[in-house]
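Observations on the model geometry
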Amino acid sequence: MKKIFKYILLAGLSFGLMSCDKFFDNAEGDLNKVAAEDLLASNSGLLSLLANLYSALPDMSVSTGDQSQMFANGSRSTPSYGTSVSGFWNYGNVRAVNNYLAAVENANLDDATKAAYTGEGLFIRACYYFASVRMYGGIPIVDISLDDKYVDGNADALYYDRSTEKESWDWVLDQLQKAADLLPATKQGLRANKYVALAMKARVALWAASESKYWNRAPINSSYTAVQKKLTYMEASYADAYYQMAIDASKQVIESGLYGLAGENPASIAAARDNFIDLFQTYNQTEGVFGRSYNIGSQNSGNGNQGWGPNQLVTGYLQGTYAVTLNLADEYDYYSDADARNRANGKIATRVDGNEDNYMTYPETEFTASKVADFKHYDSPDGPFKLKDARFQAWVAYPGNTYRGKTLNNEAGMVMPDGSVKVYPLDNNGVSFQGATYYPYGGDGDNNSFFYHLNVDINDSNRAFYCFQILKGIDKTQNTQTPQTPCYNIRFSEMLLTYAEAVAESGKGDKGKAAEYLNAVRHRAGFKDNVELTLENVLHEWKVEFALENKWTNVLHRRRAFYNPDNTPTVEEGSLGKKLTLVPMVDLSGSKAQWIFLRAIPYNATPNQGYSGTLRVNPEDYYSQIPNYQKNRIDPNNK
Amino acid sequence: MKSINLLKRLASVAAGFLLGVSALSAQNITVTGTVTDALKEPIIGASVLQQGTTNGTATDIDGNFTLTVPHGAVIEISSIGFETRTLKADTEKMNVILVEDSELLNETVVVGYGVQKRESLSGAISQIRSEDIAATRTANGVDALQGKIPGLQVTQNSGKPGQFNSDLSIRGYGNPMIVVDGVVRSVTRQRKNTRSWSNNARQLESYNDISVLQELNPDDIESISVLKDASATIYGLGAENGVILITTKKGQVKKPSINFTASVNLATPNVPRKVENWTSFMKWDNAMSDVAKMNHRFADAQIAAYENGAPTWTDADGNVHDAIYTDWYKESYKKFSVNQQYNASLSGGTETVNYYFGVGYANDNPILKGDTFGYKRYNFNANISVRLTPALTMRYTSAIRQTGNMGMGSFDQEWNIFYYILAAEPWVGITTKANPSHYSVVNENMHPIVLLDSALSGYTKSDGKNFNNTVDFTYNAPWLKGLTLSLNGAYDFSNNKQNTLVKNFQLYDYETDATDSSMQVRNQTEYVELVNDNARLYGRFQAMYDTHIGKHNISAMLGAELTDIKTSKLMASRNYGPSLDEFLYTHDILDQGDSNTMKNEGSRSNIRTAGYIGRLNYNYQGKYIVELMGRYDGNYQFQRGKRWGLFPSYSLGWRVSEEPFFKKILPMVNNFKLRWSDGRTGSVQGSPYAYINGYGKSGSWVFNEGVATTGYANNSVANTILTWAKVRMMDFGVDWELWQGKFGGTFDWFSRRTIGTAATRDATLPDFYAVSLPQENLNSNENQGLELSLYHRNSIGNFSYRVQGQVSFTRFRQTYIESEKTKFYKSSMDYWKNYSLNRWSGWMGGSTYHWTGERFNNLYETNASQVLYDTNGSGEGNRALVPGMYKLVDRNGNGYIDGEDVFYTWGGSMPPLQFGLTIGGSYKSFDFNLIFSGAALKNKSVSLSGFAGTGYLYYMPSQYTDSYHVANYGADPWDPATQWVEGEWPALVRVNQAGGSHNATYTNNQPYNYVNATYVRLKTIEVGYRVSPNFLKKAGIKSARVFFNGGNLLTFCNKYLKYVDPEASDSGRQGGDFPINRTYNFGFNLNF
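Conventions we followed
- Residues numbered from 1 in each chain as written.
- Chains lettered and ligands numbered in written order.
- Predicted model: local features only at pLDDT ≥ 70, side-chain atom pairs only at ≥ 80, totals over all residues.
- Heavy atoms only, no water.
- Contact = heavy atoms within 4.5 Å.
- Buried area = accessible area lost by both parts, 1.4 Å probe.
- Salt bridge = Lys/Arg side-chain N within 4 Å of Asp/Glu carboxyl O.
- Polar contact = N/O pair within 3.5 Å; in protein donor to acceptor, adjacent residues only side chain to side chain.
- Helix = DSSP H or I, 4+ residues; strand = E, 2+ residues; numbered from the N terminus.
- Nonpolar A, V, L, I, M, F, W, Y, C, P; charged D, E, K, R; others polar.
- Pairing = 2+ DSSP bridges.
- Axes fitted to C-alpha atoms, helices over the stretch in contact; angles between N-to-C directions.
- pLDDT = per-residue confidence, 0-100.
- Parallel < 35°, antiparallel > 145°, perpendicular 65-115°, else oblique.
- Left-handed = near helix turned anticlockwise from the far one by under 90°.
- Phe/Tyr/Trp six-rings, centres within 6.5 Å; stacked < 30°, edge-to-face > 60°.
- Buried < 20%, exposed > 50% of the residue type's maximum accessible area, 1.4 Å probe, protein only.
- Lys NZ or Arg CZ within 6 Å of the ring centre and 35° of its normal.

**Structural notes on the interface of chain B and chain A**
- Each partner contributes residues to the interface: chain B has 65 residues there, and chain A has 63 residues.
- Regarding the contact of chain B and chain A, the summed buried area is about 5,600 Å², with carbon and sulfur atoms giving 66% of it.
- Contact with chain A buries surface across chain B, with Trp701, Phe703 and Phe768 of chain B losing the most and accounting together for 16% of the total.
- In this assembly, chain B and chain A are joined by 1 salt bridge.
- Lys631 of chain A is the salt-bridge partner of Asp767 of chain B, the closest N and O atoms lying 3.2 Å from each other.
- Run the count over chain B and chain A and you get 11 residue pairs in polar contact (both at pLDDT 80 or more).
- For the side of chain B that touches chain A, the secondary structure elements donating two or more residues are strand E27 (483–502), strand E30 (525–549), strand E31 (552–576), strand E32 (594–620), strand E33 (624–635), strand E36 (694–704) and strand E37 (707–713) of chain B.
- Sort the elements by how many residues they give to the side of chain B that touches chain A and E36 of chain B lands first, with 10 residues.
- Considering only residue class, the side of chain B that touches chain A consists of 33 nonpolar, 23 polar and 9 charged.
- Examined bridge by bridge, strand E1 (residues 34–35) of chain A and E36 of chain B share 2 bridges and lie antiparallel to one another. Residue pairing in the sheet places Val34 of chain A in a bridge with Tyr695 of chain B of E36 of chain B.

Written out as structure tokens, the structure reads:
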């Protein structure tokens, strides 16, 4: 009895005397969170911080609504890989990288590791700022952690003023050089190394150079404060120094020996085509200087570019959303023949008289039975495309192209055996002809055609009919909800063309090497001849090599090709105000089935489709509006 | 045997102890006697005490006692539940009959960490006893409290089996803390989301689990106390919403007694269905189309065919259709559901050991056909108390609960099932013409019969196992009279499993039997298992000391307690094939799903709290009452240094009726007490461990092919500032009782002020800071209210009765809102509507129009109107006004009716004024109980024109035929010359789409759509008859009682709410949610 009492008392006392906080300290903490110290204590922890920073990297496309839609040489509605840079005013990401850099600085790491991790942070931060500078001009550069700068309600330390645009470019370039100096010179998987930083530097330098050189193409109202303070201002005199930087940086990457052109000197057009398909199936460590892989071994995430491809290859309601214009298709050169493979004009031959400037606006009524004979007849739907640049064959879904063992069907009508014509008919009724069945839309029903919900879709005002869609990034073996094909941020060929453009523009550097680099890109595409180093040739190569990665729009943007006082696109750089397409038809009125192609301005496919009536090519639209400029106490653009 | 001997010895020691040691004087008299109740049943364990001394004894198993006292001394005989009697010791033989306690005054009330006599209470505490709880026969313990306790607000939202979504709140504060047998047993848990529209079967939500109250077996409850004011603060952090204390039944010193109750309950929807027949409906619908200027939905030929009973009809295109009519309502609803409750208990005991065992079973079935809904529960309660030594008692309480609950697989369908029933096309058969095993395509592919069949469309099965175990050791220190030490421990664990199967199924065209992928619901079948494991470890050490020094009564309590709760969640799911074509559903077993689609989630957490408790009670002669309480409380959520807080409280009482002057003036008042209490506690807020600057998952990057590295990011700054909100609870109360309990009542004014609720500082920072400021203790708010409770008891001959009524009014306002500092208001109207600082809540923000009392009787009048109507901004103005439309008050007098003319009205949920009335009584062998409850200051939308309003679904409540309509069917309503028939409601207009508006003036926020939903409802009526014990005693049955119990049999409310329930939360259309049921219970109770 006494014992029991003693124990009760003892238990009570010991409880009462127990240290209060100890009880709480031993509770399992918030297991959803990880403390910063824990992340910094291990390589995997640091990597997880980096994974977040890398995943927020803006991809290299400018895709603000009508700006990208305007580029008729691109696609109808430009698909963008990954994170868009539109409105990249993301100080949240900047904060994350600043905090990361501060944490690495304070972490207990050896010098080499610390240098490498610091270099990666500098590289990523420079990429963030690059995206901002090209959108906004000179911006406030915050390069330290501000978390502890807001003390007792005093926010003074949180305000930053805008740097001039030139200072901003210089800062980004300087940061990239610092990163290159800190980073290892060997490949690091899909992480940054010395040459990734240099390649990015080459890109940024070329951007700054082009913008400087072509500043006067589209000068901005000089009465604006932003211009007077040089916040949105560059000038031609800056250009040469930047071109030199681009030459130096790209040269180091090219000569590093770590990277090269994948599939150089292909034996045949088919080999070149296959090489280009494969290049976008799995991340190529030779071609890819820097990029993003989606190959994670399970189906849970991916590139998300389902909408690009034709309905025959993908599922989901967005299939066939994006298309390639005829303007771009015409840019892809022909091989003179399958063996010699010299360059020949890429204009697709559709008419007997060779007058390819003839476009229909309403093929449904304009095309009549009497006009059938005007058109060049091909024996197969892919007739006009067989000798097109291998890049076109690999990346563009055109009528009769084969992919994943399927022949892609895309027609918009037929000439009936009795000679009558049907363009964009409301039905897709098959017609028997010489033992085979032909359909107005190429295949019998939704699953055998480019488009989902045939005829409804094609005639829908939101989806003008296009002849070409995009194959790049579509899985070549199977239909997957989210393709795990990679996207390249910087390909080796960009370095070659950067060098070539910088030399062609500035006259600095080695012209012979520049021409060699330009032709190396062409040779990899199956061409055997050499072209001269001219600006036109370089730009042409940019277009055909990169248009389907949305990077041609960047070229036009940095060269200020669209922003001028006349409100008209700079045509010589290869942009057009009208998007064009082909209307493929099967002709059953002859002795055998043949295919003809009408050139057309598709229904409702004017450049600014879906948007207000004017092209936004006003020079001041070159820069985006500064967000919250009053709250941030900084000067706005365009004022 | 030895142990039994030991027990016997201990027992005799105990008895000796109880007898105490008292010097016997020469004039002693030894009194023997028997204590019985009115039915001559012996009362065991009644206390027999010489008044003013410790000389006393207790009655034995036959109610007998022997006590030696000085001759002429006063003997006080008392027993819980009976009125105490005092007798003069002048005869040796005494047979004492105790009458059941009708006077609340002497009642023992369970308070925090102890019990007190009601007369010495100074806090606002209400208590309700077992019989009153069990009078309402419902599977939901919360509903059983409705209308019975002043200040306890309960609103029943639906009658869905096992859903238990009744709103429960003390004085409008929010979710109260639930304490069962001294241990806090409400806790935050996770379950499948019951609110989101998402079709995702894996979404979870957190909720406050008060199932210990909802799912208790009412027969196992001894009493429920509700601590409404500062008296709740003794439970420390988290008690700011008040505390409900549940005490389960214990054994008593008496012969074993068995109690068995069985009841069967028939339930039907409370609101009767009265709708127009199909041909009438079609005509009304076409007439509504005319008003809406829309095409008719029903061709004349179609209506004619149905009117004439023709088997088919031919449409304008020459297609022939069956003229069939499927009454989806009848096909989906049962006439009534049958539910059962069985409870049995065994209790008894000796002076050393006593025990109580209770078992209960309840099931609750849906009013809908099919097997998709249903609820089953098994309760087992055991309470064993052993007197180990004369001073040391151990009590073990165990409550085991097993519950099973069925629901639909996907929540949106569950919520919408009533809509689907009303939206399915009546001219489509259940199955196709050609194939009776093919279900027809109906509206939105939501076939009610398929949805109600779990084999076809899936289910959610919840399976809960709860084990609550409590052990108390109580030591009455023999070395210091009045000191009690106790050690209390609890270990509870529960396992809740939810299995969800969401199946796809294929439908077929009724006419052609054709099918395609558009005729299926969901393209894949998903199966999810969710397992929640919870464990609570609780320990408390407590010392209590009671003493009387002269007229000073002092009691003190000191204690310390800690709680450690661990919860874990594991969820796994798989699909069965990516599409219907490739779909093979095998079994609802994870392993049999497609392994490529497997997903899993898991987490666990740990909650720890601790506190030191102190209380000092003092009263002088039971006249001046002082209570001091303090709690030093710690909570795991906050950082070191901010975890502990001291929360002091006090309360004062003055029993004016004990003052001689009062007794002189008002002798009939046997109690008049003034109370004041003022207490502080804290409201835990923010998220646990916010003080850690933590990183969470964000993004991912493939550093090496084939491996994605998960990213971590930090999106907030560590919150080292936020702590609990400070809560101050105040109460001023008056209690009174007249003529020994004949009349009485209490009145309370109360206020709760909360200072420092979490808010973000209103500071404008530049984007460069890039992180939102941490929450701080900035805002404050206040609840206020009044409570009044009145009772009356009396007996006239064999008829005795009691009436108790209560009413409570509560309101709430925010007294500081940080964000209002810089908030910008566009106009004074905007300010008036949206500025909430210092505004009492309960009003629905300015959003309804008011009525002038006049109506537009015809189009001439609308055309002549001097006021322009554009109530929904469509620009149609008066052109859309239909006859019967109310003339609205143009508040600002600008000649337009628009958003600037709206005004306040009362809202729909948690009405601020709630009341209840209990009338109980007995006459000879009959007893009865009536419980009314009601609410006022409440409005309800009848959704005449909202989502699925008139003319969208395929039914029309008959009451709407009393509306303005054209005199001749088919006449053009927009021709001013057309004759109109006047009615109660404005002309009906057909909605053209779900949720769409259809007419410029016919909008939701109009007076005819917001109906005053003040109601009084007869929640319960029980009539019982006790069968003569003599007749049954031969069968071993001491007593038997048969009863009828009706639930919700009668409702008084606005006549416009004929087809919607004024209390329920349904969206206004008939059967918007599970209807509240009208129930008929038949049962009996046996006592062995």
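**Focus on the sheet that holds strand E6 (residues 396–397) of chain A**
All names here are of chain A.
- What the 3 strands build is an open sheet, ordered E3-E13-E6; its pairing is antiparallel. Two strands in the sheet have a free side with no partner beyond their single neighbour: strand E3 (323–324) and E6.
- Relative to strand E13 (residues 468–470), E3 runs antiparallel, the two sharing 2 bridges. Counterpart to Ala323 in the pairing with E13 is Gln469.

**A look at the sheet that holds strand E5 (residues 74–78) of chain B**
Residue and element names in this part refer to chain B.
- Spatial strand order, E3-E2-E5-E6: 4 strands in an open sheet with antiparallel pairing. In this open sheet, the two edge strands, each paired with only one partner strand, are strand E3 (56–58) and strand E6 (85–88). Here the strands of the sheet are splayed against their neighbours by 20 degrees on average, with no regard to which way each runs.

**Topic: the confidence of the model for chain A**
Residues and elements named next belong to chain A.
- Per-residue confidence for chain A gives a mean pLDDT of 82; residues scoring 70 or more make up 81%.
- Contacts from residues 460–464, a stretch scored under 50 in pLDDT, to residues over four places away or in other chains number 15 contacts.
- Per-residue pLDDT stays below 50 along residues 605–616; that stretch engages in 26 contacts with residues further than four places along the chain or on separate chains.

**Here we look at the packing of helix H17 (residues 492–506) of chain A against helix H18 (residues 511–524) of chain A**
All names here are of chain A.
- Remark: H17 packs on H18, axes separated minimally by 8 Å, with the N-to-C direction vectors making an angle of 140 degrees. In terms of orientation, H17 lies oblique with respect to H18. Helix-helix and strand crossings are classified by hand; for H17 and H18 the assignment is left-handed. Contact with H17, carried on its side by Ser493, Leu496, Leu497, Tyr499, Ala500 and Val503, involves Lys511, Lys513, Ala514, Tyr517, Leu518, Ala520, Val521 and Arg524 of H18 and no other residues of that element.
- The residue makeup of the contact of H17 with H18, split by class, is 10 nonpolar, 1 polar and 3 charged.

**Remarks on the pairing of strand E22 (residues 337–349) of chain B**
Residue and element names in this part refer to chain B.
- Relative to E22, strand E19 (residues 254–269) runs antiparallel, the two sharing 12 bridges. Residue pairing for E22: Ala267 is matched across the bridge by Ser337.
- Sheet topology note: the E22/strand E23 (residues 353–364) ladder contains 10 bridges and is antiparallel. Among the inter-strand pairings, Ser345 is bridged to a residue of E23, identified as Gly358.

**Section: the packing of aromatic side chains**
- Counting across every chain of the model gives 77 aromatic pairs over all chains.
- Centroid distance Tyr54 of chain A to Phe703 of chain B: 5.7 Å. Interplanar angle 80 degrees. Geometry classified as edge-to-face. On the criterion of chain membership, the pair formed by Tyr54 of chain A in helix H4 (residues 43–55) and Phe703 of chain B in strand E36 is interchain, its members lying in two chains. The two residues Tyr54 of chain A and Phe703 of chain B agree in class, both being buried.
- Ring plane angle 25 degrees and centroid distance 4.7 Å describe the contact between Tyr113 of chain B and Tyr235 of chain B, whose orientation is recorded as stacked. Linking Tyr113 of chain B in the loop between strand E8 (108–111) and strand E9 (114–117) with Tyr235 of chain B in the loop between strand E17 (221–227) and strand E18 (243–248), this pair joins segments that are 122 residues apart in sequence.
- Overall, Tyr113 of chain B belongs to the buried group, its relative accessible area being 7%.
- Three or more aromatic residues joined by ring pairs form one cluster here, namely Trp89, Tyr91, Tyr129, Tyr136, Tyr160 and Trp171 of chain A together with Phe768 of chain B.
- Between the NZ or CZ atom of Arg560 of chain A and the centre of the ring of Trp215 of chain A, over which it lies, the distance is 4.4 Å.

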